[in-house]
Amino acid sequence: MCVDAGSSVVNEYVEAVKQLACDILDLLGEGLGLEDPRLFSKLITETDSDSLLRINHYPPSCTVHKLDHDDQCKLKGVARTKAGSGGNPAAGGRIGFGEHSDPQLLSLLRANDVDGLQVLLPDINGKDTWIQVPADSSAYFVNVGDLLQALTNGRLVSVRHRVIASACRPRLSTIYFAAPPLHARISALPEMVTADSPPRYRSFTWAEYKTAMYSLRLSHSRLELFHVDDDESGNGSKGK
Ligand SMILES: O=C(O)CCC(=O)C(=O)O
Ligand SMILES: [Fe+2]
């Protein structure tokens, strides 16, 4: 569901979370040693910024599978165990939101105290593994988006994540996706490009990225469409 800023409560929340996103982006800009540390936050404070607020509701598995209470709790036990050790949805969990990376600059997620969010990270052997993000209703989960990965030439990475809705209780989450205006041009910042680290992605506008994104499945690594091949000078267009 997308909220079109109808109520003043939503408006107030959006203003506050936008300010938080700006503060985080400014700290990142500073940490990366950008000439203009406020460059990222300026992108989302423009009047025509394409930021949005999304509210996700994941009904409990019992509602979907019509299980009685005992079955729900058995299912919860299985799902929790499996999620903690790699997460196999087929073993009792149910995909609530499929694997993807967030396309915008930065996402700020707040959820109730029901588990479900998982991130894909390499284990000590380098094998990609789904890791459960413990639910904490008093904390924000901050996610780098594809655009920040492109602007930083891969220094910051947009992590793949998904939601397994397997609990007895519903999960509710609110995510603020901080995005630039549609016409904003995204290309690696000069500070992020060196002889050892040439531009990884060709330049694109946020509008172009969104068009490419909607033509692909959610799980597609969309930034790869704009990846510059090793033998390209920087103007190539892989997969287009
Ligand atoms: O609902 C969640 O916990 C995460 C949802 C998500 O990843 C998204 O809306 O992009
Ligand atoms: Fe997401």
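This text goes with the structure placed above it.
In this convention, every chain numbers its residues from 1, walking through the sequence in written order. Chains carry letters from A onward and ligands carry numbers from 1 onward, assigned in written order. Per-residue local features of the predicted model are confined to residues with pLDDT of at least 70, and side-chain atom pairs are confined, for both listing and counting, to 80 or more; whole-chain, interface and lining totals are unaffected and use all residues. Side-chain metrics rest on all non-hydrogen atoms present in the structure, leaving aside hydrogens and water.

S.K.: Go over the sheet that holds strand 1 (residues 52-58) with me, naming the residues and quoting the values.
M.R.: One key point about sheets: their strands pair by backbone hydrogen bonds, in either a parallel or an antiparallel sense. By the convention used here, strands pair only if DSSP detects at least 2 bridges between them. Only DSSP runs of H or I with at least four residues qualify as helices, and only runs of E with at least two residues qualify as strands; both kinds are numbered from the N terminus onward. Spatial ordering of the open sheet is given by 1-8-3-6, a layout of four strands whose pairing is antiparallel. Of all the strands in the sheet, just strand 1 and strand 6 (141-144) have a single pairing partner and so form its edges. For this sheet, the mean angle separating the axes of adjacent strands, direction not counted, is 20°. Both strand 1 and strand 8 (residues 171-178) contribute to a ladder of seven bridges, which runs antiparallel. A fitted line through C-alpha atoms represents every axis, and for helices the fit uses only the stretch in contact; the resulting angles, taken between N-to-C directions, go from 0 to 180 degrees.

S.K.: Could you give me a rundown of the coordination of the iron ion (ligand 2), with the residues and numbers involved?
M.R.: Note: metal donors comprise N, O and S atoms at 2.8 Å or less from the metal (3.2 Å for Na, K and Ca); water molecules are not included, so apparent gaps in a site are possible. Around the iron ion (ligand 2), the protein supplies H100 (NE2), D102 (OD) and H161 (NE2) as donor atoms, at distances of 2.1 Å. Going along the chain, you hit the donors of the iron ion (ligand 2) in the pattern H-x1-D-x58-H. You can see D102 sitting in the loop between strand 2 (95-100) and strand 3 (106-111) and its partner H161 sitting in strand 7 (residues 161-164), a full 59 residues away along the chain. Remark: exposure states derive from per-residue accessible area (1.4 Å probe, protein chains only) relative to the maximum for the residue type, with buried under 20%, exposed over 50%, and partly exposed in between. By relative accessible area, which is 5% here, H161 ends up buried.

S.K.: Account for the pattern of salt bridges, naming residues and giving values.
M.R.: Only one rule defines a salt bridge in this text: a Lys or Arg side-chain nitrogen within 4 Å of an Asp or Glu carboxyl oxygen. Inspection of the entire model under this criterion finds five salt bridges. Where E99 meets R160, a salt bridge forms, and the shortest distance between an N and an O atom there is 2.9 Å. Linking E99 in strand 2 with R160 in the loop between helix 5 (146-151) and strand 7, this pair joins segments that are 61 residues apart in sequence. Accessibility expressed as a relative area gives 30% for E99, which makes it partly exposed. Close ionic contact of D113 with R169 constitutes a salt bridge, the shortest N to O distance being 3.2 Å. With D113 in the loop between strand 3 and strand 4 (117-122) and R169 in the loop between strand 7 and strand 8, this residue pair connects regions lying 56 residues apart in the sequence.

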